[in-house]
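Residue-level structural notes
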Amino acid sequence: MTFDLMEQLPGDWRERLDPLLDPARTEALGAFVDGEYGEQTVYPPREDLFNAFRHCPYDRARVLVLGQDPYHGPGQAHGLSFSVKPGVKPPPSLRNIYKELASDLDVPVNTQGDLTPWADQGVLLLNAVLTVRAGDAGSHANQGWEEFTDAAIRALNEKSERVVFVLWGAYARKKARLVTGDQHVVIESAHPSPLSAKKFWGTKPFSAVNKALADAGQPEIDWDLGSAS
């Protein structure tokens, strides 16, 4: 029996994504993912695959932070973009995110990398591709995940209330075309990767997100993981 991705997705998101997806493509993606989990070491663990959606219900989603694909090292990825499991040392991109957060909002640099408290406040920490083979970055690209996660972006675009879309790097910035609602705000910059961090630092995305939310009458995000935990 084919692994049914839609059955694994929380019901509120399933209801929103189902009309935006091609059933045959989604079924093929499910078969591919199921086969990879059965035959390869794949991250994140199967049970963490849709953590971004579980921690950020559709009705509460007000910020999207888009990554590319999961970390491919052991024990890191757990279904939230840029986040790692509790107790795992923050990877370089996340350390650069923390450095910018400290500069932007004077939030102390965190030593742990679990961003679940952000997700629980309505930040959808979504990767464009949701699975990856161990040690093989980009190995699950072009298998159908892109259509799946594009549907999530389109679903957020359909919301009548403001959503702030945070797009870091050339890959993520291409998704700006999916955001057509005038009520929304798109924040773009270079990627926090060490390869482009010099262009990322100083962009102040966190204060920009909070201003966009406040301008729409929404509560700001508490980015301080120490106070949010």
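Residues numbered from 1 in each chain as written. Predicted model: local features only at pLDDT ≥ 70, side-chain atom pairs only at ≥ 80, totals over all residues. Heavy atoms only, no water.

1. Structural notes on the packing of aromatic side chains
Summed over the entire model, instances satisfying the criterion amount to 12 aromatic pairs. Ring geometry for Trp118 versus Trp223: centroids 4.9 Å apart, planes at 90°, classification edge-to-face. One end of the pair, Trp118, is in helix α6 (residues 116-119); the other, Trp223, is in the loop between α10 (205-215) and α11 (225-228), with 105 residues separating them in the sequence. Looking at Trp223, the relative accessible area reads 3%, which means it is buried. Ring pairing ties together the aromatic residues Trp13, Phe50, Phe53, Tyr58, Trp145 and Phe148, which thus form one cluster. For the cation-ring pair, Lys99 lies above Trp201, with the distance from its terminal atom to the ring centre recorded as 3.8 Å. (Phe/Tyr/Trp six-rings, centres within 6.5 Å; stacked < 30°, edge-to-face > 60°. Helix = DSSP H or I, 4+ residues; strand = E, 2+ residues; numbered from the N terminus. Buried < 20%, exposed > 50% of the residue type's maximum accessible area, 1.4 Å probe, protein only. Lys NZ or Arg CZ within 6 Å of the ring centre and 35° of its normal.)

2. Quick word on the confidence of the model for the protein chain
When the pLDDT values of the protein chain are averaged, the result is 94; 98% of them are 70 or greater. The least confident element of the protein chain is α11, whose mean pLDDT is 69; the most confident is α10, at 98. (pLDDT = per-residue confidence, 0-100.)

3. A short note on the side chain of Ser93
By secondary structure assignment, the location of Ser93 is in helix α5 (residues 92-105). Those residues in contact with Ser93 that lie beyond four places of it in its chain are Phe82, His191, Pro192, Ser193 and Pro194. (Contact = heavy atoms within 4.5 Å.)

4. Side note on the environment of Glu161
Residue position: Glu161 is located in the loop between α7 (145-157) and β5 (164-168). Note on Glu161: relative accessible area 35%, which makes it partly exposed. Distance from Glu161 to Asn142, taken between C-alpha atoms, is 32 Å for residues 19 residues apart in sequence. Non-local contacts of Glu161, meaning those with residues more than four positions away in its chain, are made with Asp59, Gln183, His184 and Gln218. There is a polar contact of 3.2 Å between the side chain of Glu161 and the side chain of Ser160. (Polar contact = N/O pair within 3.5 Å; in protein donor to acceptor, adjacent residues only side chain to side chain.)

5. Structural notes on α7
Residues spaced three or four apart along an α-helix face the same direction, because each turn holds 3.6 residues. Taking 1.5 Å per residue as the helical rise, α7 with its 13 residues ought to reach 18 Å, and the 18 Å between its terminal C-alpha atoms agrees with that figure. Burial analysis of α7 places 11 of its 13 residues in the buried class, which makes it a mostly covered element. Every buried residue belonging to α7 is among Trp145, Glu146, Phe148, Thr149, Asp150, Ala151, Ala152, Ile153, Ala155, Leu156 and Asn157, and all of these are buried. (Expected span 1.5 Å × (residues − 1).)

6. Side note on the packing of α5 against α10
One way to put it is that α5 packs onto α10 with a least axis distance of 7 Å and a crossing angle of 60°. Relative to α10, α5 is oriented oblique. For the pair α5 and α10, the contacting residues are Ile97, Glu100, Leu101, Asp104 and Leu105 in the first and Pro205, Phe206, Ser207 and Asn210 in the second. By residue class, the composition of the contact of α5 with α10 is 5 nonpolar, 2 polar and 2 charged. (Axes fitted to C-alpha atoms, helices over the stretch in contact; angles between N-to-C directions. Parallel < 35°, antiparallel > 145°, perpendicular 65-115°, else oblique. Nonpolar A, V, L, I, M, F, W, Y, C, P; charged D, E, K, R; others polar.)

7. Here's the deal with unusual backbone geometry
The peptide bond linking Tyr43 to Pro44 adopts the cis configuration, its omega dihedral lying at -5°. Structurally, Pro44 is set in the loop between β1 (42-43) and α4 (51-55). One non-glycine residue with positive phi stands out, namely Lys204, at about 50°. Structurally, Lys204 can be placed in the loop between α9 (197-200) and α10. Of the residues examined, Lys204 reaches a relative accessible area of 37% and is grouped as partly exposed.

8. A short note on the layout of surface pockets
By volume, the largest pocket amounts to about 420 Å³. Taken together, 30 residues make up the lining of the largest pocket; nearest its centre are Asp69, Pro70, Tyr71, His72 and Asn127. Those elements that place two or more of their residues in the lining of the largest pocket are α4, α5 and β3 (123-127). Considering every element that reaches the lining of the largest pocket, the biggest residue donor is β3, with 3 residues. (1 Å grid on protein atoms, 1.4 Å probe; cavity = no way out; pocket = protein on both sides within 12 Å on 5 of 7 lines; lining within 4 Å. Points joined across faces, edges and corners; volume = space filled by probe spheres on them.)

9. Considerations on the sheet that holds β5
Judged by pairing direction, the sheet is parallel, and its 4 strands sit side by side in the order β3-β2-β5-β6 without closing on themselves. Where the open sheet ends on each side, the last strands, each with one partner, are β3 and β6 (185-189). With direction set aside, neighbouring strand axes in the sheet form an average angle of 20°. When strand β2 (residues 63-67) meets β5, the two strands line up parallel, connected through 4 bridges. Note that in β5 the partner of Leu64 across the bridge is Phe165. Against the sheet, α7 touches β2, β3 and β5, its axis set at about 155° to β3. (Pairing = 2+ DSSP bridges.)

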